[in-house]
Every structure is written in C-alpha cells, then in structure tokens.
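Next come the chains, spelled out residue by residue.
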Amino acid sequence: MNLASCCWKCLSVADSLLRMNASPPPATLYPLFVRRDLDGFFGLFVDNLIQLLLILTLCSNPFLCGMTGDSKYLLYQYVLPGSAVSILIGNLFYAWQARRLALRTGRNDVTALPYGINTPSLLVYVFFVMAPAFGKAKSEGLSSDEAARLAWELGLVACIGSGLIEFFGSFIAEALRRRTPRAALLSTLAGIAIGFISMTFTLQIFQKPLIAMLPLAIVLITYFARVPFPFQLPGGFVSVALGTAIAWILTGLTAAWPGAPKLLADSAMDPTLLQSAREELGFYLPTFVGHRLLARLANPAQWLGLLSVIVPMGLFNLIGSLQNIESAEAGGDKYSTRSSLAANGIGTISAALFGSCFPTTIYIGHPGWKALGARAGYSTLNGIVVTLICLTGAISLINRLIPMESGIAIVLWIGIIITAQAFSAVPKEHAPAVAVGLFPAIAAWGFTVTQGAFMKAEGKALQGLLTADPRANVSDFVLHGMISLQQGYIFTCMILAAISAFLIDRRFMAAGIWAAVGAFCAAVGLTHAYQLNGNVVDYLFVFTNPSSPAATTYHSWDTAIGYVLMSLSFFAFGLYARGRELPTVEH
C-alpha cells in the first residue's frame, strides 16, 4: 500500500462522512491559495515543526526511547514517515472540507481547521508508554535495539488506541456539544492559549530578544495595525526572514570578532552542526506496519496496563478537538462535528499503521488563522511541506538553519486571538464563567514550569517535598492543590465553566448535573487523582495500583465528595426556586 492510495482511500471515507446539504454549489470564487495563506502556513508550520523537533529530541534520547545510533532507523524509516502520512491526510481533508463549506455557503472567507501532531499525547506517550517499556526491556537484558523496537511497537498500540477512541467518539460528540455551554468549551482553549501558547512563546521571545523582538514587532504591525507591507509581502514571511537574517548576521559577527559580548554570542547559530544534519538527508517512503501492530496486540499482557494512559489521552484528544470545532463555529465557520472528528481519528489510525506512535488532532487556534486571512491553502501547503520534511529527513537541517525565535511571534498571535475569542464569542453575562474555566489550565501550565524546575535542579524531588510536608508550597502556591487541579484539567475546565454558566442563567438543575459529572470524574481518577514518582506525575484510576510501591498517591475521594455537595446544593436550590420569581441581588 503506497502513500497515494492510502490518502485517496482515507479521503474517500471522509467524503462519505461529510454530511452536507446536496444543494447545487453557488457560483463563488474560492481560490486554492491566497496571499495570506502564506502567513497562516508559517504559523501552522512553526507549530508542527516544534512537534517534529520534540519527536526527534525525545525519541533519539538514549535513556528514553533509544532510537539513536544503530536504532535511528526506527525514527527516520518509520516514525517520521508515519507522521507524514497522518499529517498529509488530515491537512488535505480539512482544506477540502473548507472548500466544500465555501461552495455550499457562497462565502470566500472560510478557513480550514488547523491540524497536526498532538503535543500532550506526544509527551505522555513518550514518558508513560515508550520510556518505561524501553527501560524495563533494558533491565531485563534485551539489547538496545530490541528495547527500542519494543518501545516503538507499544507506542504504536497507544497511538491506534487513541485513534479508535477519536473515531468512534465522533458519533456521540455532537450530542455532547449541543448540551455544553460555549463558555465551557472556549474557556478551556483560552486557558491553554494563555499558558502553553502565549506565555510559553513570550518567554522564548525574551530569552533571545535580539532575534525575536523585531519579528514580534512585524507581527504586531501586521495584525494589530493591519497595514500592508511594501510589495504586498506577507507579514509572517517578513518576520521569519528578518529573524533568520539577524541570527546569521550575529553568527558571522561573532565569528569575526572573538571577543564579542556574550549577549551577541548567545543569539548566534552554530554552523558546525549543519554537516551532521546533512548526513541524515535521504528519502524514506512510508512502510505499512499493521502486521507488527497486530503481533503486539496479540499479547495483551504487554499492553493492558497501558489502558490507564491510552483511555484518558484518547478522551482528552476527543474533547480538545470538539472544543476546537466549537471555536471555529464561533468564528463563523460551521463544520460537521462528526466528519471533522472522524477524519481526525482516521489520521491517527493511519499514523499508527505506517509507523508513527503519535496521535494527530485538530489544533487550537482556528480564530487566529482566520484573523490572519488564511483560507484553505495554508492547510494544503503545510501538509505538503511537512510531508517532504519527514520523508527526506530534513527536520534536523531546518532546525540548524532557521532559529525558532524568528517564527514564534506568529504562534503568540494565535494564542492572543484564542483568548480574546473566549470572551467575545459568548454572551456578555457568561464572561465570569470563562474566567473560572481558565484556572485549571493555568494551574497545569504553572505545574509544568514547577516540575521542569525540580527536574533541572537535580536536588530534592517534588515527591520528597510533599512527603515531608503535605501542605508544602512554592512561592505561596500549594503544590498538592496545583497538581490536583491540573490533573485532567481539560475536563475540569469544562466542568467548572459549565457550572458557572448555568448558574448565571439560573439553570440550577443543569449546574447540578455538571457537578455530578465532576464528582464521577474525580471518583474514577479522570481528574484530580494522581500518583507521584520523584518528579513524574501520572493518572491514578480507582481500583488500580500505583506503578511503583514507593509512589506518593492521592485518590481524590474528598474532591469527589466536594462535587457531590455542590451538586446537592444546586439541586436543592433548583427545587426551592421552582415556581418562584427570584429577584436579582446586586453585589
């Protein structure tokens, strides 16, 4: 099975899933590519590039997945080409879907859903599926290559599991969407945008200001002031070109000036790394690995324990994609929920069948790409370029040529727009509900920073600090509360925002139902519960044992009881308010 036939079959399946009216398309102009698609491409490409660099860095780590040295063929012959298959299928489908919507509605401002590799799943599958499998195999006496192959194949199992959840979940997701306040769906995205997108990239800008601040200025001029550049050059292209030029000018300057100040040297590129990057160039066609996957699935003892990771991450991806579809509709582009999610699931399943361990997803940020002026061409261009990079092994070379800081201002803009939309696209009175929904995502970002600091410090671990003092805090942030709130935060954001929105509308019974959902999630371990090994936090489901006897565990029974008390209070007040005309109390 070659790449072209796979893409054609998957697009055919997606076509049958696309439920649209059969009215004849109106005569309208919707070009395959517009100038602003180039800006959208740079933003989406930078996002995808980061994921590919993470794959390269983590999988080639000799202590995590071992795909280095004699085992690097797993990375270049299977993982990256498999990622190319999934990204090409998804980007082409969503570009085609946008064109279909434009023709059906007679509009020429339709923007395709952004799509790519799912970052949380990438990190979770590396650290909680592949790395433990690699380490255990090595401790049992397997060679490095055998251990790396085992880690890779179990990663494939995790990936296809996530894809199946995404695909079959698409048939019930629309019902969930209709029963969830928009504030609950958008506030989660806004929380992620503030921390994991806007704040993360803002810190990177000020880490290397000599390279990144001029591109930032160009992006702000382009999208805040909305003025054209000479010769109608796209602002995204100008920002990346200027940032790259500055980096290589500084490189030449520091080479010619041995005593150059440290602030110049810290922003320079390293030309010596270009040669090693060129050695990885080649042409790596995707290889169907379904037989390996079936062979591994035939041994349930090796993967049943992984369901505690696969199931929550599959649900996480499903809900996240659903929220992003809602975000697109709030921005004016109403896509079919079922076909959009099903195509996402097909992309992830295709990734696993062709060797990638990492699920794909509908990306956060549709309003930002729409505000950029991108249409469908940016999605097509991203799919083609990322595919070429993955099939040629060029990812390492690109990383050595173009500084990441030259393009991150575009992604920062995406985060700004997502956050703004969460408040502007909901009823004015629901704005406080959006604010409440931000808290768990901000806690997740704060914990990520805290966890990273502890890992880098190589001193006392988080577990040791909490064991010595369960009420321990760092800079007045209570650690246990932070870990508990961030665990399963995508669900907690929705639950708290939905409760708040329904209370604002005085729909007490609906608020009580959502609080009961919160109690269920906390009781089974989808939210709040955790196990802590050193500095590594993992889910802890009800009636399951921790991965290590030495782990610090927290079953969130008290939080579940708290949700139950909230639910009962909402139900009681709903019964009290029934048939009464309650006045509004001003505070």
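Computed from a predicted structure; not experimentally measured. (Residues numbered from 1 in each chain as written. Predicted model: local features only at pLDDT ≥ 70, side-chain atom pairs only at ≥ 80, totals over all residues. Heavy atoms only, no water.)

Enquirer: Can you help me understand the overall build of the protein in this one?
Expert: The secondary structure content of the protein amounts to 24 helices and seven strands. Relative to the 2.2 N^0.38 estimate, which gives 25 Å for 587 residues, the radius of gyration of the protein is 24 Å and therefore close to what a compact globule would have. Projected onto its principal axes, the C-alpha coordinates of the protein cover approximately 80 × 65 × 55 Å. Buried positions account for 55% of the 587 residues belonging to the protein. Look at the contacts in the protein between residues 6 or more apart in sequence, and 81% of them connect residues 24 or more apart. Counting every atom, the protein has about 24,600 Å² of accessible surface; 66% of that belongs to carbon and sulfur. Counting 35 positive and 29 negative side-chain charges, the protein places the centres of these two groups 7 Å from one another. (Helix = DSSP H or I, 4+ residues; strand = E, 2+ residues; numbered from the N terminus. Rg over C-alpha atoms; globule rule 2.2 N^0.38 Å. Buried < 20%, exposed > 50% of the residue type's maximum accessible area, 1.4 Å probe, protein only. Contact = heavy atoms within 4.5 Å. Areas by Shrake-Rupley, 256 points an atom, 1.4 Å probe, with all protein chains shown as cover. Lys, Arg positive; Asp, Glu negative; His and termini not counted. Charge placed at Lys NZ, Arg CZ, Asp CG, Glu CD.)

Enquirer: Mind showing me how you'd approach the packing of helix α3 (residues 73–105) against helix α14 (residues 337–353) here?
Expert: Angle between the axes and distance between the axes: these two values describe a pair of packed helices. Taken N-terminus to C-terminus, the directions of α3 and α14 make an angle of 160°; their axes are 7 Å apart at the nearest point. Taken together, α3 and α14 sit at an angle that is classed as roughly antiparallel. Once α3 is placed against α14, the crossing between them reads as right-handed. On α14, the residues that touch Gly82, Val85, Ser86, Ile89, Phe93, Tyr94 and Gln97 of α3 are Ser339, Ser340, Ala343, Asn344, Gly347, Ser350 and Ala351. Considering only residue class, the contact of α3 with α14 consists of six nonpolar, eight polar and no charged. (Axes fitted to C-alpha atoms, helices over the stretch in contact; angles between N-to-C directions. Parallel < 35°, antiparallel > 145°, perpendicular 65-115°, else oblique. Left-handed = near helix turned anticlockwise from the far one by under 90°. Nonpolar A, V, L, I, M, F, W, Y, C, P; charged D, E, K, R; others polar.)

Enquirer: Where do I start with the packing of helix α22 (residues 489–504) against helix α23 (residues 508–524) in this structure?
Expert: Where α22 contacts α23, the axes come no closer than 8 Å and their chain directions differ by 165°. Considering their axes alone, α22 and α23 lie roughly antiparallel with respect to each other. Our pair here, α22 against α23, has a crossing hand that is left-handed. Within the contact between the two elements, α22 uses Met494, Ile495, Ala498, Ile499, Phe502 and Leu503 and α23 uses Phe508, Ala510, Ala511, Trp514, Ala515, Val517, Gly518 and Cys521. Among the residues making up the contact of α22 with α23, the classes are represented as 13 nonpolar, one polar and no charged.

Enquirer: Can you help me understand the sheet that holds strand β6 (residues 536–538) in this one?
Expert: Two orientations exist for strands paired in a sheet by backbone hydrogen bonds: parallel and antiparallel. Spatial strand order, β6-β5-β7: three strands in an open sheet with antiparallel pairing. At either margin of the open sheet sits one strand with a lone partner, and together these are β6 and β7 (552–554). Going across the sheet, the axis of each strand differs from the next one's by a mean of 15°, ignoring polarity. Note: strand β5 (residues 530–533) against β6, three bridges, orientation antiparallel. Looking across to β6, one finds that asparagine 533 is bridged to valine 536. In this fold helix α21 (residues 479–486) packs onto β5, β6 and β7, with an angle of close to 125° to the strand it touches most, β5. (Pairing = 2+ DSSP bridges.)

Enquirer: Which parts of the structure should I look at to understand the packing of aromatic side chains?
Expert: How two aromatic rings sit relative to each other is given by the distance of their centres and the angle of their planes. Within this structure, the stated rule accounts for 15 aromatic pairs. Aromatic pair tyrosine 530 and tyrosine 554: ring centres 5.5 Å apart, planes at 45°, arrangement tilted. You can see tyrosine 530 sitting in strand β5 and its partner tyrosine 554 sitting in strand β7, a full 24 residues away along the chain. Given the relative accessible area of 11%, tyrosine 554 is considered buried. (Phe/Tyr/Trp six-rings, centres within 6.5 Å; stacked < 30°, edge-to-face > 60°.)

Enquirer: Quick question: what am I supposed to make of empty space enclosed by the protein here?
Expert: In this approach, a probe sized like a water molecule rolls over the atoms, and the result shows the empty space that is left. A complete count under the given rule lists one cavity of 30 Å³ or more for this structure. In this model, the largest cavity occupies a volume close to 30 Å³. As for the largest cavity, its lining consists of Ala522, Ala523, Gly525, Ala529, Leu540, Val542, His555, Ser556 and Trp557. Looking at the lining of the largest cavity residue by residue, the class counts come to six nonpolar, three polar and no charged. (1 Å grid on protein atoms, 1.4 Å probe; cavity = no way out; pocket = protein on both sides within 12 Å on 5 of 7 lines; lining within 4 Å. Points joined across faces, edges and corners; volume = space filled by probe spheres on them.)

Enquirer: What is the right way to read the environment of aspartate 505 from this model?
Expert: Topologically, aspartate 505 is positioned in the loop between α22 and α23. Separated by 76 residues in the primary sequence, aspartate 505 and glutamate 429 have C-alpha atoms spaced 8.7 Å apart. Within the local environment of aspartate 505, its side chain forms a polar contact with the side chain of histidine 430, the two groups lying 3.0 Å apart. (Polar contact = N/O pair within 3.5 Å; in protein donor to acceptor, adjacent residues only side chain to side chain.)

Enquirer: Please clarify how helix α9 (residues 235–256) should be interpreted in this entry.
Expert: It helps to recall that an α-helix has 3.6 residues per turn; residues three or four apart then point in one direction. If you check α9, its first and last C-alpha atoms are 32 Å apart, about what 22 residues at 1.5 Å a residue would give, namely 32 Å. Along α9, the positions that sit buried rather than exposed are Gly235, Gly236, Val238, Ser239, Val240, Gly243, Thr244, Ile246, Ala247, Leu250, Thr251 and Thr254. Its buried side turned inward, α9 meets α2 (37–59), α8 (209–225), α10 (262–265), α17 (395–401) and α18 (408–424). (Expected span 1.5 Å × (residues − 1).)

Enquirer: When you look at the pattern of salt bridges in this model, what are you seeing that I'm missing?
Expert: Oppositely charged side chains can form a pair if their charged atoms are brought close together. Inspection of the entire model under this criterion finds 10 salt bridges. Here glutamate 153 and arginine 292 are joined by a salt bridge, their closest N and O atoms 3.8 Å apart. Of this pair, glutamate 153 sits in helix α5 (residues 144–169) while arginine 292 sits in helix α12 (residues 290–297); the two residues are 139 residues apart in sequence, bridging distant segments of the chain. Between arginine 296 and glutamate 153 there is a salt bridge, with its nearest N and O atoms 2.4 Å apart. Residue arginine 296 is found in helix α12, and its partner glutamate 153 is found in helix α5; the two are separated by 143 residues along the sequence. The residues arginine 296 and glutamate 153 share a single accessibility class, namely buried. (Salt bridge = Lys/Arg side-chain N within 4 Å of Asp/Glu carboxyl O.)

Enquirer: When you look at unusual backbone geometry in this model, what are you seeing that I'm missing?
Expert: If a residue is not glycine, its phi is most likely negative; likewise, a peptide bond is most likely trans. The phi dihedral of arginine 506 falls on the positive side, at around 60°, and the residue is not glycine. Note on placement: arginine 506 falls in the loop between α22 and α23. In this structure arginine 506 comes out as partly exposed when scored by relative accessible area, which is 37%.

Enquirer: Could you clarify how one ought to interpret α14 in this entry?
Expert: Between the first and last C-alpha of α14 there are 24 Å, a value that for 17 residues agrees with the 24 Å anticipated at 1.5 Å per step. For α14, the buried fraction is high: 15 of the 17 residues fall into the buried class. Glycine 355 sits one or two residues past α14 and shows a positive phi near 110°.

Enquirer: What exactly am I supposed to notice about the side chain of threonine 492 here?
Expert: Topologically, threonine 492 is positioned in helix α22. The buried category is assigned to threonine 492, whose relative accessible area is 1%.

Enquirer: Whenever I open this one, the layout of surface pockets confuses me. Can you help?
Expert: The space that makes up the second largest pocket amounts to roughly 340 Å³. Taken together, 15 residues make up the lining of the second largest pocket; nearest its centre are Leu176, Leu315, Ile319, Phe491 and Val517. Listed by contribution, the elements that provide at least two residues to the lining of the second largest pocket are α6 (173–178), α13 (307–330), α22 and α23. For the lining of the second largest pocket, the class distribution of residues is 15 nonpolar, no polar and no charged.

Enquirer: So what exactly am I meant to see when it comes to the nonpolar core here?
Expert: Within soluble globular proteins, side chains that are nonpolar tend to cluster in buried spots. Leu52, Ile55, Leu75, Met130, Trp152 and Phe358 are the most contacted members of the largest nonpolar core, which totals 157 residues. Take this core: its biggest share by element is 14 residues, from α3. Apart from the residues within four sequence positions on either side, leucine 52 is in contact with Leu80, Ile117, Val386, Ile389, Cys390 and Ile395. Counting 11 residues, the second-largest nonpolar core is a separate cluster that includes Leu462, Ile483, Tyr530 and Tyr554. (Core = buried A, V, L, I, M, F, W, Y, C linked by side-chain atoms within 4.5 Å.)

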